Amino acid sequence: MKEQERAGEALARQLYPKSMPVEEARSKRESLLREEAPKRIPPGYRCINGQGFRRVENGWVQVSSSCTP
């Protein structure tokens, strides 16, 4: 894990100007990774074929026209 962090910091130093502190480059990289991560679907909800559904007593009810799994 430490090797991956060092490799990431070395890459960040190459991509960002030297005037930018390593901590700032790391925080930018982590924020980009969080944005790319899929959004969590709350319990009782499902995304089926791009449509949002909520669990009800006797089945499922559509709650949105689109969603991303």
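A quick note: this is a predicted structure, and the numbers were derived from the prediction, not measured.

Some points on the overall build of the chain
Within the chain, the regular secondary structure consists of 2 helices and 3 strands. Listing the helices and strands of the chain from first to last along the sequence gives α-α-β-β-β. By residue count, 13% of the 69 residues in the chain fall in the buried class.

Some words on helix α1 (residues 2-15)
Here α1 spans 20 Å end to end across 14 residues, near enough to the 20 Å set by a 1.5 Å rise per residue. Among the residues of α1, those classed as buried are G8, E9 and A12. Along the axis of α1, the buried positions cluster into a sector of 100°, meaning they face one direction only. Exposed residues pointing more than 90 degrees away from the buried face of α1 are listed as E3, R6, R13 and Q14.

A look at the confidence of the model for the chain
Summary statistics for the chain give a mean pLDDT of 77 and a share of 81% for residues scoring 70 or more. Per-element mean pLDDT across the chain ranges from 74 in helix α2 (residues 22-36) up to 90 in strand β2 (residues 51-56).

A word on the sheet that holds β2
Strands belonging to one sheet form pairs held by backbone hydrogen bonds; the direction of such a pair is parallel or antiparallel. Pairing in this open sheet of 3 strands is antiparallel, and the strands run β1-β2-β3 from one edge to the other. Only two strands of the sheet have a single neighbouring strand rather than two, namely β1 (45-48) and β3 (59-64). Neighbour to neighbour, the strand axes of the sheet diverge by 40° on average, direction disregarded. In the sheet, β1 pairs with β2 via 4 bridges, with the strands oriented antiparallel. The residue of β2 that forms the bridge with I48 is Q51.

Rules and cut-offs
Residue positions are given per chain, counted from 1 along the sequence in the order it is written. With pLDDT at 70 or above as the cut-off, local features in this predicted model cover only qualifying residues; side-chain atom pairs require 80 or more to be listed or tallied, and sums for whole chains, interfaces and linings still use all residues. Values reported for side chains reflect all heavy atoms of the structure, with hydrogen atoms and water molecules removed beforehand. Numbering of helices and strands starts at the N terminus; helices are DSSP runs of H or I of at least 4 residues and strands are runs of E of at least 2. We call a residue buried when its accessible area falls under 20% of the maximum for its residue type, exposed when it is over 50%, and partly exposed in between, using a 1.4 Å probe and counting protein chains only. Here, expected helix span is obtained from the residue count minus one, scaled by 1.5 Å. It is the directions from the helix axis to the C-beta atoms that the arc portrays. pLDDT expresses, on a scale from 0 to 100, how confident the predictor is about each individual residue. A pair of strands is treated as paired once DSSP finds two or more bridges between them. Only C-alpha atoms enter the line fits that serve as axes; for helices the fit covers just the stretch in contact. Angles between N-to-C directions range over 0 to 180 degrees.

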